[in-house]
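Fold and contact review
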Amino acid sequence: QVQLVESGGGLVQAGDSLRLSCAASERASMAWFRQAPGKEREFVGAIKSRGGFTYYADSVKGRFAITRDIAKNIMYLQMNSLKPEDTTVYSCAASNSVILSTLSKASAYAYWGQGTQVTVSS
């Protein structure tokens, strides 16, 4: 079982940057999702455990970037040019068996972190 711990959320102003971290107990393919109250969970981006392939939602492409520290099993989400509509809870997820075609599907991930709040003021 992969354990995940997120950190780095907070309150920032529009246009600012923020970096989230997700520490995993073992190496796995990982992803970020976000979910606002009353809305469906939204895929943000993912990184494959082998090869480091990354994939992003159109809504964050060019603004957000996922990187990882392989030695420490930590995934980062660098968020730039933040907008008020980016405000929500961000959760990381992990899977030992996700394939490319399902990287954006929440159902493909068996393990989830507790979530961290990101608030962007206008």
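Let us look at the structure shown here. (Residues numbered from 1 in each chain as written. Predicted model: local features only at pLDDT ≥ 70, side-chain atom pairs only at ≥ 80, totals over all residues. Heavy atoms only, no water.)

So, the packing of aromatic side chains
- Within this structure, the stated rule accounts for 4 aromatic pairs.
- Each ring, one from Phe33 and one from Tyr109, has its centre 5.6 Å from the other, and the planes form 75 degrees; the classification is edge-to-face. With Phe33 in strand S4 (residues 29-35) and Tyr109 in the loop between strand S9 (88-95) and strand S10 (111-112), this residue pair connects regions lying 76 residues apart in the sequence.
- Classification of Tyr109 by relative accessible area gives buried; the value is 4%.
- Through successive ring pairs, a cluster of aromatic residues spans Phe33, Phe43, Tyr55, Tyr109 and Trp112.
- In this structure, Arg19 is placed above the aromatic ring of Tyr76, and the distance from its NZ or CZ to the ring centre is 4.1 Å. (Phe/Tyr/Trp six-rings, centres within 6.5 Å; stacked < 30°, edge-to-face > 60°. Helix = DSSP H or I, 4+ residues; strand = E, 2+ residues; numbered from the N terminus. Buried < 20%, exposed > 50% of the residue type's maximum accessible area, 1.4 Å probe, protein only. Lys NZ or Arg CZ within 6 Å of the ring centre and 35° of its normal.)

Focus: the sheet that holds strand S3 (residues 18-24)
- If you trace the 4 strands from one edge of the open sheet to the other, you get S1-S3-S8-S7, paired in antiparallel fashion. One side of each edge strand has no neighbouring strand; the edge strands of this open sheet are strand S1 (4-7) and strand S7 (64-69). Across this sheet, the average inter-strand angle for adjacent strands is 20 degrees, counted without regard to direction.
- Relative to S3, S1 runs antiparallel, the two being bridged by 4 bridges. If you follow Leu4 over to S3, its bridge partner there is Ala24. (Pairing = 2+ DSSP bridges. Axes fitted to C-alpha atoms, helices over the stretch in contact; angles between N-to-C directions.)

Focus: the state of the cysteines
- Under the defined criterion, the tally for this structure stands at 1 disulfide.
- Disulfide pairing is shown between Cys22 and Cys92; the S-S distance is 2.0 Å. In this structure, the disulfide formed by Cys22 and Cys92 twists by about 55 degrees around the S-S bond and is classed as right-handed. Taken together, the residues Cys22 in strand S3 and Cys92 in strand S9 connect sequence positions 70 residues apart. Assigned by exposure class, Cys22 and Cys92 land together as buried. (Disulfide = S-S within 2.5 Å.)

Some details on the pattern of salt bridges
- This model, assessed by the stated rule, comprises 4 salt bridges.
- Close ionic contact of Arg34 with Asp86 constitutes a salt bridge, the shortest N to O distance being 3.0 Å. Of this pair, Arg34 sits in strand S4 while Asp86 sits in the loop between strand S8 (74-79) and S9, and the two are 52 residues apart along the sequence. There is no split in this pair, since Arg34 and Asp86 are both buried.
- Judged by relative accessible area, which is 1%, Asp86 ranks as buried.
- One salt-bridge network, held together by shared partners, links Arg34, Glu42, Arg63 and Asp86. (Salt bridge = Lys/Arg side-chain N within 4 Å of Asp/Glu carboxyl O.)

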